[in-house]
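# Remarks on the overall topology
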Amino acid sequence: MRPPAVILTVFAWLALSAAAGEDNPAPPAEDRIDPTEAVIILGGEPTPGWPVLPASETEYRFKLKLTGDIVALRWLDLDDYERARVQKLYGIETRGAQRVFGEKITGTRYLLKNGKRIAGYRLPERDWAAQKALKTATAPVLYIPESDIETEETFEAYQSDFFSPMEVYQQWLLAKPPGPNDAAAHFAMAQKVSNIGLFDKAIDHLKMATVIDPGMEERNKDFFATLVQEDAKRRTLDLYQRMLLAKNSGDFGSAFDFLGQLDRNFPNSDFKTRWDGDVRREIEVGMKTATIKRVIQMSYSVAADLVQQRLFSKVRVDDKGNVIPSIPGKQVATRAGHILRGTLEIADDGSSAGTGAAGTDLVLRIGEVKVTISGRDIVSIRDVDLATSGKEIPRAFDDLKDYVTDTGRPDGLKAQMIARIAQTLREPETKVKEIFNSRLAREATYKDGVYKVSPTYVTLHDAWYGSGSWLRDGSRPGNQKRAGHVADTTDDPNVWWRFQSTETQLAVLRSMAAEKVFKRKDLYKLPCPNCAGHGYLRAGLERIRCPLCRGIGVLFKMTYQ
Ligand SMILES: [Zn+2]
């Protein structure tokens, strides 16, 4: 048995240090901060910073980006996968518990001026422009500028140190491919590749052998069974490691997918305990947190979008100006490019017969026909008004205000916002609503002298009533006696509204949403710049109402979350 590679590396490193010590008695290893920013998972948190070189066999040091502190950490505290990744950042190439295989070859190790060490198999024929070419365990060719190299040494290694099993297998195939009628050669290759962990390739070669020589099948039943078992184990571990990697990089969606694949494909695996405990809980919590974060982050932009859509949508009126009730319908776009419009069919129990969400079927009534649209064909579903008679006019202020501020309305801004987020994230509306409503709630614990508060994902946004400040609840326009343009003299919001720019209208509606759908944090009363906060202006002997603030003297601005 050969000692594991990690130990070899460490021995070589100690030997190097000792040699250096003899020649130059004074200088201890000088700390160098690697200029490349890295992220290391510390206590489950992705932590940015810079590696401090060199690392020892038991410890490594890391300069935290957040505080600038240099912390010493133990390799032991990292999980296997993360450790291998981080050791590479410190110039330590490990091959972990991987089996040694292949031919004996000569490895080359460079100690670089920046403190890193790189070992590999020299490819002198590929040296280029004063750079040394090296095949390493992770790169097909790595170029190292000669000017970066402090010292060079060679050591005895195996192909497995720098070549993947697949690379070694391909070398074998090139050197001596098994003949098409040579059962013994295929059988030998099956044994050889099973030794380097390529069980799927071993299965292929064994199958070839049994096709050529059917007698082989019975004789190698156990071997075949072992290969199948080992192949399943390897694929399980592969999925497991990809799951850990996704989890550690904060990609809980992918981690959750891998977890699902493991559950489905390998329900009886001996390794199940590895992903059934803390790891599963962590991923589920991570998924939940990710959903909470997305719901809250999306709410601001979805609400702003809906307000704008509502403002730009028209109402239908008949010749006398009476509103024609809308016929709420759905417009479905299909993968084949068809557009289907109809009313959502309601099932006997009062629920809609399929929502089309998450790939379920949708049932639309189009004229007299009930059409079931397969969820797989649906690309998008949106609400439309099926009423077609009359003419379209912009919505009145009262209509828009009611849409924004009545949070109990099933077709109001808040309900539509919840519905749209639920549809995008493929989560139930009740869950999205619950997350949104409790977005400001926080929990804290105090334990062992440490106060810990749960994170919050709300962010602060601005809203600005501007010249619409007089429409804010509790504001009253001042008295106006003087004649003038109706937009300045009217006290009817619906009349005033029609003369305002889209920008002003949007600002007012968004401010209303900020106070009713979201939660206002700070309210700023800015003195009106037009009348210096007096609310009135002098015009000769007359005192006229300020057209900007309409007599209230202030304009409202606020932050909300
Ligand atoms: Zn004013």
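Residues numbered from 1 in each chain as written. Predicted model: local features only at pLDDT ≥ 70, side-chain atom pairs only at ≥ 80, totals over all residues. Heavy atoms only, no water.

## Here's the deal with the packing of aromatic side chains
If you walk through the whole model with that rule in mind, you get 12 aromatic pairs. Ring plane angle 40 degrees and centroid distance 6.5 Å describe the contact between Tyr 240 and Trp 275, whose orientation is recorded as tilted. Residue Tyr 240 is located in helix H8 (residues 221-248), and its partner Trp 275 is located in helix H10 (residues 272-276); the two are separated by 35 residues in the primary sequence. Classification of Tyr 240 by relative accessible area gives buried; the value is 11%. For the pair Trp 470 and Trp 496, a centre-to-centre distance of 5.4 Å together with 85 degrees between the ring planes defines the contact as edge-to-face. Linking Trp 470 in the loop between strand E20 (461-464) and helix H15 (486-489) with Trp 496 in helix H16 (residues 493-498), this pair joins segments that are 26 residues apart in sequence. (Phe/Tyr/Trp six-rings, centres within 6.5 Å; stacked < 30°, edge-to-face > 60°. Helix = DSSP H or I, 4+ residues; strand = E, 2+ residues; numbered from the N terminus. Buried < 20%, exposed > 50% of the residue type's maximum accessible area, 1.4 Å probe, protein only.)

## Quick notes on the pattern of salt bridges
For the coordinates displayed, the defined rule picks out 31 salt bridges. Two residues, Asp 399 and Arg 310, come together in a salt bridge whose shortest N-O distance is 3.4 Å. On the criterion of sequence distance, the pair formed by Asp 399 in helix H12 (residues 397-405) and Arg 310 in helix H11 (residues 278-312) is long-range, its members being 89 residues apart. Residue Arg 310 is classed as buried on the basis of its relative accessible area, which comes to 16%. Three or more residues are tied together by salt bridges with common partners; here these are Asp 263, Lys 272, Asp 276 and Arg 280. (Salt bridge = Lys/Arg side-chain N within 4 Å of Asp/Glu carboxyl O.)

## Structural notes on the pairing of strand E3 (residues 45-53)
As paired elements, strand E1 (residues 32-33) and E3 share 2 bridges and run antiparallel to each other. Bridge pairing in E3 links Arg 32 to Leu 53. Examined bridge by bridge, strand E2 (residues 38-42) and E3 share 5 bridges and lie antiparallel to one another. Paired with Val 39 across the two strands is Pro 48, which belongs to E3. (Pairing = 2+ DSSP bridges.)

## Observations regarding the sheet that holds E20
Strand order across the open sheet formed by 3 strands is E20-E24-E21, with antiparallel pairing between neighbours. In this open sheet, the two strands that pair with only one neighbour each are E20 and strand E21 (520-527). Within this sheet the neighbouring strands show an average axis-to-axis angle of 20 degrees, counted without direction. Of the pairings in the sheet, the one linking E20 to strand E24 (residues 554-560) comprises 4 bridges and is antiparallel in character. Bridged to Ala 463 within E24 is Met 558. Relative to E20, helix H17 (residues 502-516) is tilted by about 125 degrees, and along the sheet it contacts E20, E21 and E24. (Axes fitted to C-alpha atoms, helices over the stretch in contact; angles between N-to-C directions. Contact = heavy atoms within 4.5 Å.)

## Looking at the coordination of the zinc ion
Distances from the zinc ion to its protein donors, Cys 528 (SG), Cys 531 (SG), Cys 546 (SG) and Cys 549 (SG), fall at 2.2 to 2.3 Å. Taken together, the 4 donor atoms coordinating the zinc ion and their angles of 103 to 116 degrees define a geometry best described as tetrahedral. Sequence positions of the residues that donate to the zinc ion give the spacing C-x2-C-x14-C-x2-C. Each of the two residues, Cys 528 as well as Cys 531, counts as buried. (Donors = N, O, S within 2.8 Å, 3.2 Å for Na, K, Ca; no water. Tetrahedral: all angles 85-135°; square planar, octahedral: opposite > 155°, others 65-115°.)

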